[in-house]
Amino acid sequence: MTAAVEPAATAAPVGDALVSVEGLKIHFPIKRGLLVDRTVGHVYAVDGVDLRINRGETYGLVGESGCGKSTLGRGMLRLVEPTDGRVLFDGTDLVGLKGEELRRMRRRMQMVFQDPMSSLDPRQSVESLLVEGLRAHGLDKGREATGKRLRELLSAVGLPSTSLRKYPHEFSGGQRQRIGIARALAVEPDLIIADEPVSALDVSVQAQVVNLLEDLQDEFGLTYLVIAHDLAVVRHISDRVGVMYLGGLVEEATSDDLYAEPLHPYTRALLSAIPVPDPEVEDRRERILLTGDLPSPANPPKGCRFHTRCPWKQATRCDTERPELREVLPGHKVACHWAEDIRAGRIRPHEVEAVLVEEDGVSPDMPLVGPASVSEVLNP
Amino acid sequence: MALLEVRDLRVVFQRRGTEPFTAVDGVSFDVDPGQTVGLVGESGCGKSVTSLAIMGLLPSRGNKVSGQVRFEGTDLLTLSDKDMRDRRGRDLGMVFQDPLSSLNPVIPIGLQVTEVLERHRGMSRKAAMVEAADLLGRVGIPDPQRRLSEYPHQLSGGMRQRALIAIALACRPRLLIADEPTTALDVTIQAQILALLKELVRDTGTALIMITHDLGVVAGLCDEVNVLYGGRVVEKAARYPLFADPRHPYTHGLLASIPRLDGARGEKLVPIKGSVADNIPWDHGCAFAPRCPNALPVCREVTPELEAGDVRSLRCHNPVLPGTPAAQEVPA
């Protein structure tokens with residue numbers, strides 16, 4: 001047992017938290033009605049997440065589409081407004097910040113987006129893209145110094161300095177992603193949030209960008225939050241990994257532990273579903289096939305959000321009580337009532353009947369309650 | 001005789017005022033009944049164009065298709081539009097990548113399934129509806145009776161893909177072409193769809209052409225794999241020898257550049273340098289040469305031929321030696 005714990009203890013980086021998120025909730029209202037916007041429900045995109053990212057580490061956030069991982073990342077930068085909770089960045093609560101204070105804070109946290117085509121302005125040259133951030137934060141110290149800085153940036157991300165005069169369309173996907181990374185680096189941030197940084201790229205190019213991110217971290221001592229759906233990529237670059245399901249973290253551990261011993265049923269299913277490019281492994285391994293789809297985040301299931309698809313679901317607690325994220329092994333947190341029993345093999349998986357996913361409250365075919373037109377309001 | 005024999009298939013796109021572009025450049029492969037054949041490669045390697053050419057779905061203008069696509073001895077490329085329409089949906093089924101854009105958004109699912117049944121199997125609307133519900137149930141759609149009257153937007157991505165598979169299978173085709181059927185889906189849903197395809201091939205004896213960029217999917221599903229690069233097959237082998245011992249530098253490089261879920265962590269990935277944009281034409285050399293760590297001077301002068309061996313066919317002047325670990329990283 002101790003042997004299994006040891007790597008966790010050593011792998012967890014020493015150092016203080018750069019970011020800590022406490023009870024973060026981001027709910028999007030669903031509006032209906034023509035003249036009067038009435039809120040008919042909420043999409044619970046992020047619903048109570050606690051996590052901390054230590055200085056210099058890479059935290060990976062994985063989950064399927066719609067689980068709220070991107071919203072969480074954006075919420076941490078206040079690109080979307082959190083509904084509730086706190087985001088402490090180096091001791092300062094970002095949620096309370098306004099105007100100039102927030103703007104100055106933003107220099108220290110940057111984002112790399114998924115689609116390098118739509119996140120770069122097609123009418124700005126690379127030079128202008130990179131200088132924009134420098135100017136905004138008063139880092140543009142004269143023509144010569146800036147020129148030198150830009151060339152440094154480009155060489156750091158592996159682009160020739162002739163790129164400065166070019167426009168985004170002149171680059172391939174991988175190169176564009178490099179420009180996106182250079183733009184984030186320009187203002188010397190502490191934290192970079194990378195939202196699916198490689199998923200839009202070809203397989204042979206993905207590795208180039210993954211390696212680049214790793215090299216830059218070593219060189220500039222960056223802290224990363226990498227958001228991705230590809231667990232293999234996340235496992236490769238992250239020190240710790242958090243698994244999200246329907247707006248909540250269900251498991252958090254060092255990447256080695258998470259892969260060696262996934263404790264949450266969802267993580268187990270997720271790991272078993274990822275294809276491995278090796279026929280021998282593929283033929284041997286057992287898949288935990290989940291039935292049905294991700295329930296709607298507008299109407300999440302009561303109790304444990306995974307209970308509708310969980311092969312280990314028990315008759316009690318699962319459908320009534322939402323499990324807390326708790327430390328089951330050192331450095332390994334799980335949100336499951338039965339994690340210990342599942343781990344010890346006392347609970348066996350069973351068949352699950354696929355449940356129809358209904359988008360209650362937001363179904364497009366639900367009749368609109370309220371006035372259908374202006375004349376209806378004027379002449380009731 | 002194989003069920004499908006593709007011989008020297010070539011697709012050239014020609015637009016006025018531009019250089020002709022050869023998307024598929026002499027691709028040949030066979031598919032036997034009940035066999036799953038994979039076409040693997042990155043975007044732009046010609047894998048999707050190959051499938052569209054086989055199905056006769058390329059636009060009638062702006063391109064030239066040559067070679068042969070023999071389906072049970074009949075060359076599909078010589079058939080008239082009308083004969084081809086009779087074949088499509090009946091003998092040949094196709095599942096596309098994006099289920100939302102390949103289903104008609106304004107027609108209920110049920111009608112889209114029964115259309116095929118009425119057209120090819122001459123069923124009445126009523127009988128077709130019963131059969132459609134049965135089909136949807138068989139591909140794992142819960143409560144199929146109700147789903148018949150729903151529109152594509154009311155279904156989730158996984159369910160839409162299942163509906164698309166149901167349509168493709170409605171007439172029990174002998175050949176099913178799946179073009180990136182799981183790329184738009186989440187991994188847990190992907191696992192469901194792949195399990196479904198595997199089961200269908202086993203139960204119905206349908207031959208399957210699987211087009212994908214994901215080597216993991218290929219490893220679990222395909223009997224034989226064709227690796228495409230720049231419109232040509234560069235390596236062809238059964239999946240075991242291909243993954244155990246990739247010989248073409250491109251295949252080898254691809255496998256070294258993807259992080260494996262069960263591999264050692266902390267090791268650096270070995271990327272393939274450059275990108276597809278660096279390709280040189282096949283006319284005088286190997287298209288992969290500018291990106292290849294094994295490239296010799298001859299690679300930029302003489303076009304390599306696809307040479308058939310005992311376990312694999314290989315198009316390379318200087319293949320990777322068996323058992324070579326991932327190549328040294330070359331600065332891009």
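Please refer to the structure higher up on the page.
Residues numbered from 1 in each chain as written. Chains lettered and ligands numbered in written order. Predicted model: local features only at pLDDT ≥ 70, side-chain atom pairs only at ≥ 80, totals over all residues.

K.L.:
Looking at this structure, how should I read the overall build of chain A?
P.N.:
Helix and strand counts for chain A come out as 13 helices and twelve strands. Here chain A, with 380 residues, has 45% of them falling under the buried criterion. In chain A, 67% of the contacts between residues at least 6 apart in sequence involve partners at least 24 apart. (Helix = DSSP H or I, 4+ residues; strand = E, 2+ residues; numbered from the N terminus. Buried ≥ 20, exposed ≤ 12 C-beta atoms within 10 Å, placed from the backbone. Contact = placed C-beta atoms within 7 Å.)

K.L.:
Quick question: what am I supposed to make of the overall build of chain B here?
P.N.:
Across its full length, chain B carries eleven helices and twelve strands. Over its C-alpha atoms chain B spans a radius of gyration of 21 Å, differing by no more than 12% from the 20 Å that the globule rule assigns to 332 residues. Considering only C-alpha atoms, chain B reaches an extent of 65 × 50 × 40 Å along its principal axes. Across the 332 residues that make up chain B, the buried fraction comes to 49%. For chain B, restricting intrachain contacts to residue pairs at least 6 apart in sequence, the fraction spanning at least 24 positions comes to 63%. (Rg over C-alpha atoms; globule rule 2.2 N^0.38 Å.)

K.L.:
Can you help me understand the packing of helix α7 (residues 203–220) of chain A against helix α11 (residues 249–257) of chain B in this one?
P.N.:
The packing of two helices is summarised by the inter-axis angle and the distance between the axes. It is at 9 Å that the axes of α7(A) and α11(B) come closest, and there the two elements cross at 45 degrees. Regarding the angle of α7(A) to α11(B), the classification is oblique. Helix-helix and strand crossings are classified by hand; for α7(A) and α11(B) the assignment is left-handed. Residues A:Val203, A:Ser204, A:Gln206 and A:Ala207 of α7(A) form the contact with α11(B), whose participating residues are B:Gly253, B:Leu254 and B:Ser257. Looking at the contact of α7(A) with α11(B) residue by residue, the class counts come to three nonpolar, four polar and no charged. (Axes fitted to C-alpha atoms, helices over the stretch in contact; angles between N-to-C directions. Parallel < 35°, antiparallel > 145°, perpendicular 65-115°, else oblique. Left-handed = near helix turned anticlockwise from the far one by under 90°. Nonpolar A, V, L, I, M, F, W, Y, C, P; charged D, E, K, R; others polar.)

K.L.:
I'm lost on the pairing of strand β1 (residues 4–13) of chain B in this one. Help?
P.N.:
The side chains of a regular strand alternate, residue by residue, between the two faces of the sheet. All names here are of chain B. Examined bridge by bridge, β1 and strand β2 (residues 21–31) share eight bridges and lie antiparallel to one another. By the bridge assignment, phenylalanine 13 is partnered in β2 with phenylalanine 21. As paired strands, β1 and strand β4 (residues 63–71) are joined by eight bridges and run antiparallel to one another. Across the sheet, the residue bridging to phenylalanine 13 is asparagine 63, located in β4. (Pairing = 2+ DSSP bridges.)

K.L.:
What exactly am I supposed to notice about the interface of chain B and chain A here?
P.N.:
Interfaces are often sized by the amount of accessible area the parts lose when they come together. The interface of chain B with chain A comprises 44 residues on the first partner and 44 residues on the second. Considering each element in turn, the side of chain B that touches chain A owes the most residues, six residues, to helix α8 (residues 187–204) of chain B. Grouping the constituent residues of the side of chain B that touches chain A by class yields 21 nonpolar, 14 polar and nine charged.

K.L.:
Sorry if this is basic, but what is going on with unusual backbone geometry here?
P.N.:
If a residue is not glycine, its phi is most likely negative; likewise, a peptide bond is most likely trans. Residues and elements named next belong to chain B. Despite not being glycine, glutamate 72 shows a phi value in the positive range, around 50 degrees. Structurally, the position occupied by glutamate 72 is in the loop between β4 and β5 (74–75). Owing to 14 C-beta atoms within 10 Å, glutamate 72 belongs among the partly exposed residues under this scheme. You will see that arginine 172, though not glycine, has its phi angle at about 45 degrees, which is positive. Tracing the sequence through the fold places arginine 172 in the loop between α7 (157–169) and β7 (175–179).

K.L.:
Before we go on, may I ask you to explain the environment of B:Ile209 in this structure?
P.N.:
All names here are of chain B. With respect to the secondary-structure elements, isoleucine 209 resides in strand β8 (residues 207–212). In sequence terms isoleucine 209 and leucine 39 are 170 residues apart; their C-alpha atoms lie 7.3 Å from each other. When residues no more than four places from it in sequence are discounted, the contact partners of isoleucine 209 are Val31, Val37, Leu39, Ser51 and Ile177.

K.L.:
Sorry if this is basic, but what is going on with the nonpolar core here?
P.N.:
General note: in soluble globular proteins, nonpolar side chains tend to be found buried as a group. Residues and elements named next belong to chain B. Residues Val113, Ala163 and Ala166 are the most contacted members of the largest nonpolar core, which totals 192 residues. The element that contributes the greatest number of residues to this core is α7, accounting for eight residues. Leaving out residues up to four positions away in the same chain, alanine 163 has contacts with Leu103, Ile109, Leu136, Ile141 and Leu155. (Core = buried A, V, L, I, M, F, W, Y, C linked by C-beta atoms within 7 Å.)

K.L.:
Looking at this structure, I do not really get the packing of helix α4 (residues 109–121) of chain B against helix α5 (residues 125–138) of chain B. What am I missing?
P.N.:
Residues and elements named next belong to chain B. Close contact between α4 and α5 brings their axes to 9 Å; oriented N to C, the two are set at 115 degrees. Once α4 is placed against α5, the crossing between them reads as right-handed. From α4, Gly110, Val113, Thr114, Leu117 and Glu118 reach across to α5, where they touch Arg125, Ala128, Met129, Glu131, Ala132, Leu135 and Leu136. Looking at the contact of α4 with α5, its residues break down into seven nonpolar, two polar and three charged.

K.L.:
For this particular structure, what's the right way to read the sheet that holds strand β2 (residues 38–54) of chain A?
P.N.:
Two orientations exist for strands paired in a sheet by backbone hydrogen bonds: parallel and antiparallel. Residue and element names in this part refer to chain A. Taken in spatial order, the four strands of this open sheet run β2-β1-β4-β5, and their pairing is antiparallel. Of all strands in the sheet, those with a lone pairing partner are β2 and β5 (92–93), marking the two edges. Relative to strand β4 (residues 84–89), strand β1 (residues 17–32) runs antiparallel, the two being bridged by five bridges. Bridged to glutamate 22 within β4 is arginine 86. Seen against the sheet, helix α2 (residues 69–76) touches β1, β2 and β4 and runs at an angle of roughly 115 degrees to β1.

K.L.:
How should I be thinking about α7(B) in this particular structure?
P.N.:
Quick reminder: α-helices carry 3.6 residues per turn. Residues three or four places apart thus point the same way. Residue and element names in this part refer to chain B. Taking 1.5 Å per residue as the helical rise, α7 with its 13 residues ought to reach 18 Å, and the 18 Å between its terminal C-alpha atoms agrees with that figure. With twelve of 13 residues buried, α7 is to be regarded as a mostly interior element. Against the buried residues of α7 lie β6 (92–95), α3 (99–102), α4, α5, β7 and α8. (Expected span 1.5 Å × (residues − 1).)

K.L.:
Just checking my understanding: could you explain the pairing of strand β8 (residues 223–228) of chain A for this structure?
P.N.:
Residues and elements named next belong to chain A. The buried fraction of β8 amounts to six of the six residues, a majority that puts the element mostly inside the structure. Burial along β8 is two-sided: Thr223, Leu225 and Ile227 facing one way and Tyr224, Val226 and Ala228 facing the other are all buried. Sheet analysis places strand β3 (residues 58–62) next to β8, joined by five bridges and oriented parallel. Across the sheet, threonine 58 pairs through a bridge with tyrosine 224, a residue of β8. Bridge count for strand β7 (residues 191–195) against β8 is five bridges, and the pairing is parallel. Bridge assignment links isoleucine 193 to a residue of β8, and that residue is leucine 225. Handedness of the β7-α7-β8 crossover: right-handed. (Right-handed = clockwise from strand over helix to strand, strands pointing away.)

K.L.:
Sorry if this is basic, but what is going on with the sheet that holds strand β9 (residues 224–229) of chain B here?
P.N.:
Reading across from one edge, β6-β7-β8-β3-β9-β10-β12-β11 (chain B) is the order of the eight strands in this open sheet, with mixed pairing throughout. Sheet topology places β6 and β11 (307–308) of chain B at the edges, where each strand pairs with a single neighbour.

K.L.:
I'm lost on helix α5 (residues 143–156) of chain A in this one. Help?
P.N.:
Residue and element names in this part refer to chain A. Taking 1.5 Å of rise per residue, 14 residues should cover 20 Å, and α5 covers 20 Å from first to last C-alpha, within 8% of that figure. What α5 keeps buried is the set Leu150, Leu153 and Leu154. Taken around the axis of α5, the buried residues stretch over an arc of 95 degrees, which confines them to a single face. Across α5 from its buried face, at more than 90 degrees, point the exposed residues Glu144, Ala145, Lys148 and Ser155. Packing partners of the buried residues in α5 comprise α4 (126–136) and α6 (173–185). Count one or two residues on from α5 and you reach glycine 158, which has phi positive near 80 degrees. (Arc of directions from axis to C-beta.)

Interpretation in functional terms is not warranted from these geometric data alone.
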